[in-house]
Amino acid sequence: MVDVEVQKKAGFSLQPEEEHLRVQLESIQQELNAPNLFKGRLSEMLSLIRMQSLAEPSQTNGNQMEGAVLQSIHGHLSRQQAGIGHLLDIIRDDLQHLDIIKQGLAEKQTVSVVSTGGVRV
């Protein structure tokens, strides 16, 4: 029956309803062929499922896991604080050395002004 209709309509232009359906089918086909659209959503859903499945077993030992994580974070932050303190000590020493250098340059400049009789060299 479909073949008969196709043969009857052969050579005729598309009717407006048929043209509208063709446009809709093409847009659906383009959406389905878009590689990133559905793959991105699918990968996002998979990652959410993985995160939930990983979170469920840790809920039974939540307090133990939380304590271990807190100890790890505490140790890391303590090491960072010690490192920052060491850097501050180095900066303070360098500032003292710079002050000594400035004083030495100022003394040298006053000595050269005095030795040349007020004329800078």
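Quick notes on the rules
Residues numbered from 1 in each chain as written. Predicted model: local features only at pLDDT ≥ 70, side-chain atom pairs only at ≥ 80, totals over all residues. Heavy atoms only, no water. Helix = DSSP H or I, 4+ residues; strand = E, 2+ residues; numbered from the N terminus. Areas by Shrake-Rupley, 256 points an atom, 1.4 Å probe, with all protein chains shown as cover. Buried < 20%, exposed > 50% of the residue type's maximum accessible area, 1.4 Å probe, protein only. pLDDT = per-residue confidence, 0-100. Salt bridge = Lys/Arg side-chain N within 4 Å of Asp/Glu carboxyl O.

Caption draft 1: Just the overall build of the protein chain, in detail. Scanning the protein chain from terminus to terminus reveals 4 helices and 0 strands. Starting at the N terminus and walking to the C terminus, you meet the elements of the protein chain as α-α-α-α. Element-wise, carbon and sulfur atoms account for 62% of the exposed surface of the protein chain, whose accessible area totals about 11,400 Å².

Caption draft 2: Spatial organisation of helix α1 (residues 2-9). Burial runs low along α1: only 0 of the 8 residues are buried. Once α1 finishes, Gly11 follows within two positions and takes phi at roughly 95 degrees, a positive value.

Caption draft 3: Expanded view of the confidence of the model for the protein chain. Mean pLDDT over the protein chain works out to 80, with 83% of the residues at or above the 70 mark. In the model of the protein chain, helix α3 (residues 35-60) stands out as the element of lowest mean pLDDT, 74, in contrast to helix α4 (residues 62-115), which has the highest, 86.

Caption draft 4: Highlighting the pattern of salt bridges. If you walk through the whole model with that rule in mind, you get 3 salt bridges. One salt bridge in this structure joins Glu19 and Arg22, with 2.2 Å as the shortest N-O distance. Taken as a pair, Glu19 and Arg22 lie in helix α2 (residues 16-33) at a separation of 3 residues, close to a single helical turn. In this structure Glu19 comes out as partly exposed when scored by relative accessible area, which is 30%. In this structure, Glu26 engages Arg22 in a salt bridge whose closest nitrogen and oxygen atoms are separated by 2.6 Å. Highlighted residues: Glu26 and Arg22, both in helix α2, separated by 4 residues, approximately one helical turn. Assessed through its relative accessible area of 32%, Arg22 is described here as partly exposed.

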